[in-house]
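Structural characterization, general
If you want the building blocks of each chain, they are given just below.
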Amino acid sequence: MLPSPMAWTLRLCAVAGSAIFGFWAVPATAGAMVTGGLTSQPIGHYDFCKANPTECSIRPPDLAPAKMTDALWRELNSVTSKVNAAVKPMSDLDIYGKDEVWAYPDKGVGDCEDYVLEKRRRLNHMGVSLADLLITVVRKPDGEGHALLTVRTNKGDYVLDNLTDEVRQWDETNYTFLKRQAVDNTGRWVSIRSGQQILVGAVQ
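Right, let's walk through the structure included here. (Residues numbered from 1 in each chain as written. Predicted model: local features only at pLDDT ≥ 70, side-chain atom pairs only at ≥ 80, totals over all residues. Heavy atoms only, no water.)

1. Things to note about the overall build of the protein chain
As a reminder, the rule being used: Helix numbering and strand numbering both begin at the N terminus, where a helix is a DSSP run of H or I of at least 4 residues and a strand a DSSP run of E of at least 2. A simple rule labels every residue: compare its accessible area, found with a 1.4 Å probe on the protein chains alone, to the largest value its type can have, and call it buried under 20%, exposed over 50%, or partly exposed in between. By definition, residues are in contact when any of their heavy atoms lie within 4.5 Å. Only the protein chains shown count as cover for residues, and all accessible areas are computed by the Shrake-Rupley method using a 1.4 Å probe.
Summing up its helical and strand segments, the protein chain has 4 helices and 10 strands in all. Ordered by position from N to C terminus, the α and β elements of the protein chain give β-α-α-β-α-β-α-β-β-β-β-β-β-β. Classification of the 204 residues of the protein chain by burial places 51% in the buried group. Considering only contacts in the protein chain between residues 6 or more positions apart, those separated by 24 or more positions represent 68%. Here the protein chain has roughly 9600 Å² of accessible surface; of this, 52% comes from carbon and sulfur atoms.

Written as C-alpha cells, this is what we have:
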C-alpha cells in the first residue's frame, strides 16, 4: 500500500547552461547518503504511481550499488547533457494547467522531475538497475523544492541535475537533501539524514 502523500511544490527549474566536454574523467570517490526510515511520497509521485502502477511496484533483485567504470561515467555525463538539451523547461501549470504533474517529457517540455524521469528511463534502458537510479527531493538555498536523480555506485552517490550538465558528488552541492526513493521498492520513499538530524520530508 502506498504511503499517504504530503503536498510538496516543486517549482519550475530553469536550465543553467554549462560547457559540455568530449572527455570525462572518472571522478574521485564520493560519499554515500545515509538514509532513515520510510517517509511520505511527494504528491506528484503519488499521482504518477496511480497513473503508472507497474512502475511503482518494482522490487529490484540486485540491491548492490552500480560499479563505477569509465563506461558508466561516460553514460551518466552523456545522458545528463542530452536530456538537458532536449527538454525545454516549462512549468506544469503551463503544460497541464495545474501543479505537480510528474510525467515523461515526451513532448519535449517539462520541469525538474520530468528531466529526472527521462534520465532514469534512459539509464535503466542502458542496463543500470532501478535500485541505483533514485528520484530525490531536495531544497535549494532559496528554499524552493527541486528534484534530481541520485545514482548509487560503489564509489559513492552522484547526482544528475537539470540545472547543470556536470555530474556531481551529492555532498558537493549546495542542496539540502530531504528524501529519495527506497532502494528496494520503487513506490516507497525514505528520509535522508544530515549528520544526526533527520530532515523532514516536506516543507510547510
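2. Things to note about helix H1 (residues 43-51)
Defined as follows: Each C-beta atom gives one direction from the helix axis, and the arc is the one those directions make.
Listing the buried residues of H1 in full gives Gly44, His45, Phe48 and Cys49. Taken around the axis of H1, the buried residues stretch over an arc of 135°, which confines them to a single face. Exposed residues on H1 whose side chains face more than 90 degrees from its buried face are Lys50 and Ala51.

3. Considering the environment of Gln41
Worth spelling out the cut-off: Polar contact is defined as a pair of N or O atoms within 3.5 Å, subject to the rule that within protein one atom must be able to donate a hydrogen and the other to accept it, and that residues adjacent in sequence are counted only when both atoms are side-chain atoms.
When you line up the elements, Gln41 lands in the loop between strand S1 (34-39) and H1. Taking the C-alpha atoms as reference points, Gln41 and Gln181, 140 residues apart in sequence, are found 8.5 Å from one another. Looking at Gln41, its side chain comes within polar contact range of the side chain of His45, at 2.9 Å. Here Gly187 takes part through its backbone oxygen, which lies 3.4 Å from a polar atom of the side chain of Gln41.

4. Focus on the environment of Trp170
The residue Trp170 is located in the loop between strand S7 (168-169) and strand S8 (176-182) in this model. Judged by relative accessible area, which is 15%, Trp170 ranks as buried. In this structure, the C-alpha to C-alpha distance between Trp170 and Gly156, residues 14 residues apart in sequence, is 8.7 Å. Not counting residues within four places of it along the chain, the set of residues in contact with Trp170 comprises Gly31, Ala32, Met33, Asp157, Tyr158, Val159 and Phe177.

5. Digging into the nonpolar core
In a soluble, globular protein the nonpolar side chains are often hidden away together inside. Definition in use: Buried Ala, Val, Leu, Ile, Met, Phe, Trp, Tyr and Cys residues form a nonpolar core when they are joined through side-chain atoms within 4.5 Å.
One finds Leu76, Leu123 and Leu149 to be the most contacted residues of the largest nonpolar core, which totals 31 residues. When contributions to this core are tallied by element, the ones reaching two or more residues are H1, helix H2 (70-86), helix H4 (112-125), strand S4 (133-139), strand S5 (145-153) and strand S6 (156-160). For Leu123, the contacting residues outside a window of four places in its chain are Glu75, Leu76, Val79, Val128, Leu133, Leu149 and Leu160. Among the nonpolar cores identified, the runner-up in size contains 9 residues, and Leu148, Trp170, Phe177 and Ile192 belong to it.

6. Side note on the state of the cysteines
Linking two cysteines covalently through their sulfur atoms gives a disulfide. This is how it is decided: When two cysteine sulfur atoms lie within 2.5 Å, the pair is treated as a disulfide.
In this structure the tally under the stated criterion is 1 disulfide. One disulfide in the model links Cys49 with Cys56; its S-S distance is 2.1 Å. Since a negative S-S torsion denotes a left-handed disulfide, the Cys49-Cys56 link at about -80° is left-handed. Across the pair, exposure class does not vary: Cys49 and Cys56 are buried alike.

7. Comments concerning the environment of Leu76
Within the secondary structure, Leu76 sits in helix H2. Sequence separation between Leu76 and Arg122 is 46 residues, and the spatial gap between their C-alpha atoms is 9.9 Å.

8. Describing the pattern of salt bridges
Just so we agree on the cut-off: One speaks of a salt bridge when a side-chain nitrogen belonging to Lys or Arg is within 4 Å of a carboxyl oxygen belonging to Asp or Glu.
One pass over the full model with this rule turns up 8 salt bridges. The salt bridge partner of Glu118 is Arg122, with a shortest N-O separation of 2.8 Å. Residue Glu118 and its partner Arg122 are located together in helix H4, separated by 4 residues, close to a single helical turn. By relative accessible area, which is 8% here, Glu118 ends up buried. Connected through salt bridges with shared partners, the residues Asp106, Glu118, Arg121 and Arg122 form a single ionic network.

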